[in-house]
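Architecture at a glance
Here are the chains, one letter per residue:
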Amino acid sequence: MTATEELLQIERVTKVFTVGSFFFKTRINAVENVSFGIKPAEIFTLAGESGCGKSTIAKIILGFEEKTAGEIVFENESIAHWREKRQLFIQKVQAVFQNPFESFNPLCAVDDIFFETVYNFHLVQNEKEAIPFIDERLKAVGLSFSEIHSRYPSELSGGQLQRASIARALLTNPSLLVADEPVSMVDASLRMSIVNLFARLREEMNLSVLYITHDLATAYYVSDRIAVMFRGNIVEMGPVEEVLLNPRHPYTQLLRDSIPEANPHRKWKGSVRVANVEEEEYLQKGCKFAGRCSLAEERCRVDFPQETLVDGVLVRCHRYN
Amino acid sequence: MSFVKKCLVPRLIQYFLVTFLGLTTAFFLPRFLPLDPVEQRIAQYQAFGVYIPPEQLEEIMNTLRQLYGLQGTLWEQYGIFWRRLFMGDFGPSLARYPTPVIQLIVQSIPWTIGLLLLTTLFAWVVAILMGGVAGYFRNRWTEILDGIVMVMRPIPYYIMALLCLIVFAYIFPIFPLSGGVGIGREVSFGFDTIVSIVKHGALPALTLLVVGIAWQFQSMKLIVQGVRSESYVWYARAGGVRERKIIFHYVIRNAMLPMITQLGLQLGTIFSGALVTEMVFAYPGVGWILYDAVMKGDYNLIMGIMCISVVAVTTSILFLDLVYPIFDPRVRYR
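In this text the structure is predicted, and so the values were computed from the model without any measurement. Here the residue index of a chain counts from 1 through its sequence in written order. For naming, the first written chain is A and the first written ligand is 1, with later ones following in the order written. The predicted origin of the model limits local features to residues at a pLDDT of at least 70 and limits the giving and counting of side-chain atom pairs to 80 or more, whereas totals for whole chains, interfaces and linings rest on all residues. Computation of side-chain values covers all heavy atoms of the structure but excludes hydrogens and water.

Here we come to the overall build of chain B. Where helices and strands are cited, they refer to DSSP runs of H or I of at least four residues and of E of at least two residues respectively, numbered from the N terminus. Of the regular secondary structure elements, chain B holds 13 helices and zero strands. Along chain B, helices (α) and strands (β) appear in the sequence α-α-α-α-α-α-α-α-α-α-α-α-α when read from the amino end. For the C-alpha atoms alone, the extent of chain B along its principal axes is close to 90 × 60 × 40 Å. Think of it in three bands: residues with accessible area under 20% of the maximum for their type are buried, residues over 50% are exposed, and the middle band is partly exposed, with areas taken using a 1.4 Å probe on protein chains only. Split into buried and exposed, the 334 residues of chain B put 43% on the buried side. By definition, residues are in contact when any of their heavy atoms lie within 4.5 Å. Pairs at least 24 apart in sequence give 74% of the contacts found in chain B among residues at least 6 apart. Every accessible area reported is derived by Shrake-Rupley at a probe size of 1.4 Å, with residue values counting cover from the shown protein chains alone. Surface summary for chain B: the accessible area is close to 18100 Å², and the carbon and sulfur share equals 71%. Neither His nor the chain ends contribute to the count of charged residues, in which Lys and Arg are positive and Asp and Glu negative. Charge coordinates come from a single atom per side chain, which is NZ of Lys, CZ of Arg, CG of Asp or CD of Glu. A gap of 18 Å separates the mean positions of the 25 positive and 18 negative side-chain charges of chain B.

Here it is as structure tokens:
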């Protein structure tokens, strides 16, 4: 691995959760040997259904969750070293969450946390400098200071709040933005404005974005590379055009085919096997997708497939071995 | 201006309406009791062995009715009730004729308020601090604390009160068994009197504190646990907001809101006394005289206590409504 190229490198990260009661404990690999890297000024998408472990990865990167095994390297330094200078790490890695209505304390004015951030990181000396500083970042997302000044979250719209939460993350001039489902709670008509914002910030501020989503349409539109996760494993990873226009893994194919078209005359056809209980699928031997896969063979249920490189795309499926 | 129009006026109208209905209930309810104070009084005489000839009975009953102000129709009485109420007069106590009701209440209300106000406020503050800490930090000590409370909470109050009484007043006679102050002592502001009051109040206060802290601790702990995992707390943490600020400005502050409501409602109920506490410890509070009044069919006294209680509850709710916007900007009127 060339250490200098990647901004953030995730190497064989595993997260084990223990579920169940006192006597019947089961260990579930919520994230299993996941490796990927994000380059500077790259938008990297982590896609998959709910409960596939994509948010767990975000939490591990942000330090909210301990990884069980593996290594995370940010700017060529292990995340264990960053722990000692947590404030500096936070300054460089910022986060945007799913529900903008819940991102701000309902009892505090929205600009509260903006001031808190700029003073905390010693970005400005006093209020006189703070206001233009905050205003500048808000302008970058299409808001202004007067729009949020002494307003409470309940007085702003979801789109405004989500853009404000992105602006707040940009205050510290981060090099990586971890965006966990940033558009799934935003009105459909505003989604593109948020996604476009990511693309523009990447151009203007050299910002890398880890875009976590289940929405393949916006992922295709905005990202450079994509990793599709299923039950704790990356099943397919590569350039976004290659992966989504020409999906190789049966799960990616299923996801791609599930994108509804805005065409009422085209009926959705094909039958889908309904997912098993999440826990069952996690504990399954062999390929975790075998229970739902229409192409599953005997070896899929027994052997865990290895990653194979097919035309620049990493695929974890027996059909390509 | 819009504050007065949109917030104050409707609240006040509601306040007066509810108070009026409550006071009306306070007037009618004792009169639906299956007890007749006149008959009670006569039964009392007969219990002493007084022989009343049947031809005189009717006459005595009429005299008593007149004396008690129970003559006339219900509506006439109701009219008199309102006229008297505005002068702060609830009429004479029927069981302890002719002591005015208001005098009985004034005598016992300081005991009740002294005991309940102090324990309610103290329990609230302690429960919030302990519950906040126990909800935010999960470690061995808070688990132990939680375990103790879980064992304490389901014990019925009267059993715990009796246990305290047996242990701390009988087996180890540290505190007096009953009363609000030493027998025969003049209630004045001397040092000895205050020591005596504190000593007598200690056990009732202790039991009330244990119960009050236990259940409020549990609710505060659960609320904090809920708030702690709210998205905005994580967002603040991801944004580098300091942990101190997160604890006080994000978690405790948000968790306080339901607790403030709880406190406001509790303060209103203080004026009706703590019946079981006052019974077990023979504490001379409002609860005690209310119990006495119900047993003796003392209409006026029941009514008097109910009226004060109704006004106290509605007033504390009005107060709560008016100060709540200070704590919660979402209900602020602009």
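There is more to say after this.
Take the overall build of chain A next. Helices and strands together make up the secondary structure of chain A, namely 14 helices and 12 strands. Note on method: radius of gyration uses C-alpha positions; expected globular size equals 2.2 Å times residues raised to 0.38. Over its C-alpha trace chain A gives a radius of gyration of 21 Å, about what one expects of a compact globule, namely 20 Å for 321 residues. Taking the principal axes of the C-alpha coordinates as reference, chain A spans close to 70 × 55 × 45 Å. Expressed as a percentage of its 321 residues, the buried residues of chain A come to 53%. Restricting the contact set of chain A to residue pairs at least 6 apart, pairs at least 24 apart contribute 64%. Accessible area of chain A: about 14700 Å², with a carbon and sulfur share of 51%. With 36 positive and 43 negative side-chain charges, chain A shows a spacing of 4 Å between the two charge centroids.

Turning our eyes to something else, we now look at the interface of chain B and chain A. A common way to state how big an interface is: give the accessible area lost once the parts meet. Listed per partner, the contact involves 23 residues of chain B and 27 residues of chain A. Taken over both partners, the interface formed by chain B and chain A buries close to 2200 Å², and the fraction arising from carbon and sulfur atoms is 56%. Here, a salt bridge means any side-chain nitrogen of Lys or Arg that lies within 4 Å of a carboxyl oxygen of Asp or Glu. Here arginine 242 of chain B and glutamate 116 of chain A are joined by a salt bridge, their closest N and O atoms 3.1 Å apart. Here a polar contact is recorded for every N or O atom pair within 3.5 Å, except that within protein the pair must consist of a potential hydrogen donor and a potential acceptor, and residues adjacent in sequence are included only if both atoms are side-chain atoms. At the junction of chain B with chain A, the criterion picks out 11 residue pairs in polar contact (both at pLDDT 80 or more). Looking at the side of chain B that touches chain A, the elements with two or more residues in it are α9 (231-238) and α10 (243-269) of chain B. No other element matches α9 of chain B, which puts seven residues into the side of chain B that touches chain A. When residues are sorted by character, Ala, Val, Leu, Ile, Met, Phe, Trp, Tyr, Cys and Pro go into the nonpolar class, Asp, Glu, Lys and Arg into the charged class, and all the rest, Gly among them, into the polar class. Taken together, the residues that form the side of chain B that touches chain A break down as 10 nonpolar, five polar and eight charged. Accessible-area loss on putting two parts together, using a 1.4 Å probe and summing over both, is the definition of buried area adopted here.

What follows deals with the state of the cysteines. All names here are of chain A. Put simply, a disulfide is two cysteine sulfurs that come within 2.5 Å. Applying the stated rule across the entire model yields zero disulfides over all chains. For the unlinked cysteine cysteine 52, the closest cysteine sulfur is that of cysteine 287, found at 14 Å. Residue cysteine 52 is classed as buried on the basis of its relative accessible area of 0%.

What follows covers the packing of aromatic side chains. Only Phe, Tyr and Trp rings are paired, with Trp represented by its six-membered ring, and only when their centres lie within 6.5 Å; those with planes under 30 degrees apart are stacked, over 60 edge-to-face, the remainder tilted. Within this structure, the stated rule accounts for 29 aromatic pairs over all chains. Each ring, one from phenylalanine 64 of chain A and one from tryptophan 234 of chain B, has its centre 4.5 Å from the other, and the planes form 50°; the classification is tilted. Note that phenylalanine 64 of chain A is positioned in the loop between α1 (54-62) and β4 (69-74) and tryptophan 234 of chain B in helix α9, a pairing that runs across two chains. Residue classification places tryptophan 234 of chain B among the partly exposed positions, given a relative accessible area of 28%. Relative to phenylalanine 145 of chain A, the ring of phenylalanine 115 of chain A lies with its centre 5.9 Å away and its plane at 85°, an arrangement referred to as edge-to-face. In this pair, phenylalanine 115 of chain A sits in helix α5 (residues 110-120) while phenylalanine 145 of chain A sits in helix α7 (residues 145-148), placing the two residues 30 residues apart along the sequence. In this structure, phenylalanine 115 of chain A and phenylalanine 145 of chain A share a single accessibility class: buried. Through a chain of ring-to-ring contacts, the aromatic side chains of Phe20, Phe27, Phe28, Phe32, Trp75, Tyr78, Phe81, Trp82 and Phe86 of chain B assemble into a single cluster. Directly above the ring of tryptophan 141 of chain B sits arginine 140 of chain B, whose terminal nitrogen or CZ lies 5.4 Å from the centroid. Lying across the ring of tryptophan 234 of chain B, arginine 237 of chain B places its NZ or CZ 4.9 Å from the centre. Look at NZ for Lys and CZ for Arg. If either is within 6 Å of the ring centre and within 35 degrees of the ring normal, a charge sits over the ring.

Attention shifts here to the pattern of salt bridges. Going through the model one piece at a time under the given rule, you end up with 28 salt bridges over all chains. Aspartate 328 of chain B is paired through a salt bridge with arginine 330 of chain B; the nearest N and O atoms lie 3.1 Å apart. For aspartate 328 of chain B, a relative accessible area of 5% corresponds to the buried category. Within this structure, Glu49, Arg231, Glu281 and Arg292 of chain A form a network of salt bridges that share partners.

All names here are of chain A. One ladder, built from two bridges, connects strand β10 (residues 233-239) with strand β12 (residues 313-316); its direction is antiparallel. Note that in β12 the partner of methionine 237 across the bridge is leucine 314. One ladder, built from four bridges, connects strand β11 (residues 307-310) with β12; its direction is antiparallel. Across the sheet, residue glutamate 307 finds its bridge partner in β12, namely arginine 316. Strands qualify as paired when DSSP identifies two bridges or more between them. In sequence, β11 turns back onto β12 through a hairpin of two residues, with aspartate 311 there showing a positive phi of about 50°.

It is worth spelling out the environment of glutamate 278 of chain A at this point. Residue and element names in this part refer to chain A. Considering the arrangement of structural elements, one finds glutamate 278 in helix α13 (residues 278-283). For glutamate 278, a relative accessible area of 42% corresponds to the partly exposed category. In contact with glutamate 278, not counting residues within four places along its chain, are Gly51 and Arg231.

The subject of this paragraph is the environment of isoleucine 317 of chain B. Assignment of secondary structure puts isoleucine 317 of chain B in helix α13 (residues 299-327). Along the primary structure isoleucine 317 of chain B and isoleucine 109 of chain B are separated by 208 residues, whereas in three dimensions their C-alpha atoms are 20 Å apart.

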